[in-house]
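Listed here are the chains, written in short residue letters.
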Amino acid sequence: MDIREQLINACGADYVSFDEPMSKHTTFRVGGNADYYIRVSSLDQFVNGIRLLKDNDISITILGNGSNVLVSDKGIRGAVFELGKDFSDVSINRLEDNIEVKAEAGALLSNVGATLLKEGIKGFHWASGIPGSVGGAVYMNAGAYGGEIKDILKEATVLTKDLNVEVRDLDSLDLSYRHSALMSEEAYVLSATFVLEEGDSKEIKALTDELNKKRRDKQPLEYPSAGSTFKRPEGYFAGKLIEDSGLKGFRVGGASVSSKHCGFVVNDQNATAADIYNLTEEVIKIVKDKFGVTLEREIRLIGEF
Ligand SMILES: Cc1cc2nc3c(=O)[nH]c(=O)nc-3n(C[C@H](O)[C@H](O)[C@H](O)COP(=O)(O)OP(=O)(O)OC[C@H]3O[C@@H](n4cnc5c(N)ncnc54)[C@H](O)[C@@H]3O)c2cc1C
């Protein structure tokens, strides 16, 4: 049996595709094909698929909502596992002093936020507007408007390199600004448990609406992007450095530095991944020449550049 058939047997025909265009699965709307694409639907299915691919020395990439990645035009050799809507249960455990909310890795932060709003559980409103999954948010230690995953996370359940399921406490995940220990491990987030509090739905809604309005006002949400392209350098703001370097609207091919928010690179004219990559290279070079500050990409590069 060839590997395609074996993969279908291991993961289910409904969840497996081949030569899948990654432009369909990334918010930049660019990226070539992945050889194998598997939507995760259960732990067993995930483990079976990974075991098969590892036994065949096929490389593995994990994706959540694809909102912080730039996938090469050449695509991804090997397999991509998407932890998305088929792996997105959320459960709520009201304890005496607080509330524990456990969400599977594929749950979108917006959906978790909507559930918590309905339940009158506070402490998550800042995350609801981030267009990522729970797994991606833990991996990146996502944050916004003064909140960060590390402030509300109790623990994460991960699948280790050796295919064991392990509960990792907050300390062992080593979360800091857009960083987690998972970046240097081959371990995948299966679920996360957040510690939150009883709140008032009306107040939570008002806070969520206010932050979403701020996003709409300040961010170029009308174009495909991956949010802030660069990390905030110590003591500076990436967007301001870029603007002060005269790069507002600066363009390479179909990609440009947003005129609305210079921290965002946008795909506003049918960009290729190479356009976006080359634009970020230029921006890094020009900001370095002008201010001596080396910008680092926040977005994760996948494939060959
Ligand atoms: C318009 C816009 C606004 C944004 N605003 C913010 C913001 O305010 N704050 C912020 O922090 N980010 C922001 N982002 C970036 C992005 O949404 C976050 O980084 C988000 O946490 C990424 O989640 P994801 O599921 O899309 O991850 P993906 O893009 O799919 O993956 C990102 C990285 O995480 C890894 N990964 C994904 N899932 C798992 C898993 N289950 N286990 C292990 N590794 C995994 C991937 O391999 C990849 O390296 C924004 C993006 C956009 C497009």
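As shown above, the structure is provided for reference.
Here is what the cut-offs are and how they apply
- Residues numbered from 1 in each chain as written.
- Predicted model: local features only at pLDDT ≥ 70, side-chain atom pairs only at ≥ 80, totals over all residues.
- Heavy atoms only, no water.
- Helix = DSSP H or I, 4+ residues; strand = E, 2+ residues; numbered from the N terminus.
- Buried < 20%, exposed > 50% of the residue type's maximum accessible area, 1.4 Å probe, protein only.
- Expected span 1.5 Å × (residues − 1).
- Arc of directions from axis to C-beta.
- Contact = heavy atoms within 4.5 Å.
- 1 Å grid on protein atoms, 1.4 Å probe; cavity = no way out; pocket = protein on both sides within 12 Å on 5 of 7 lines; lining within 4 Å.
- Points joined across faces, edges and corners; volume = space filled by probe spheres on them.
- Nonpolar A, V, L, I, M, F, W, Y, C, P; charged D, E, K, R; others polar.
- Salt bridge = Lys/Arg side-chain N within 4 Å of Asp/Glu carboxyl O.

Participant: Quick question: what am I supposed to make of unusual backbone geometry here?
Facilitator: What is expected of a backbone is that most residues other than glycine have negative phi and most peptide bonds are trans. The residue Asn141 is not glycine, and still its phi comes out positive at about 45°. Relative to the elements of secondary structure, Asn141 occurs in the loop between helix H4 (134-140) and strand S9 (143-144). Take Asn141: its relative accessible area is 0%, and that puts it in the buried class.

Participant: Please explain helix H7 (residues 201-218) as it appears in this structure.
Facilitator: Quick reminder: α-helices carry 3.6 residues per turn. Residues three or four places apart thus point the same way. The end-to-end C-alpha distance of H7 is 26 Å, a good match for the 26 Å that 18 residues give at a rise of 1.5 Å each. The complete set of buried residues in H7 reads Ile204, Thr208, Leu211 and Arg215. Along H7, the residues classed as buried sweep out an arc of 70° about the axis, all on the same side. The outward face of H7, more than 90 degrees from its buried face, is lined by the exposed residues Lys202, Glu203 and Arg216. Those residues of H7 hidden inside the fold are in contact with helix H3 (109-119), strand S8 (121-122) and S9.

Participant: Explanation requested: empty space enclosed by the protein in the structure shown.
Facilitator: Once rolled over the atoms, a probe with the size of a water molecule shows which space is left empty. Applying the stated rule across the entire model yields 1 cavity of 30 Å³ or more. In this structure, the largest cavity occupies an estimated 30 Å³ of space. Along its surface, the largest cavity is lined by His125, Trp126, Gly129, Tyr145, Thr208, Leu211, Asn212 and Arg215. Looking at the lining of the largest cavity, its residues break down into 3 nonpolar, 4 polar and 1 charged.

Participant: Would you explain the pattern of salt bridges in this entry?
Facilitator: A side chain of one charge can pair with a side chain of the opposite charge if their charged atoms are brought near each other. Enumeration over the complete set of coordinates arrives at 21 salt bridges. We note a salt bridge from Glu100 to Lys154, for which the minimum N-O separation is 3.2 Å. Placement of the pair is Glu100 in strand S7 (residues 99-104) and Lys154 in strand S11 (residues 153-159), with a sequence separation of 54 residues. A salt bridge links Arg251 to Asp268; the shortest N-O distance between them is 2.8 Å. Note that Arg251 is positioned in strand S15 (residues 251-252) and Asp268 in the loop between strand S17 (264-267) and helix H9 (273-291), a separation of 17 residues in sequence.

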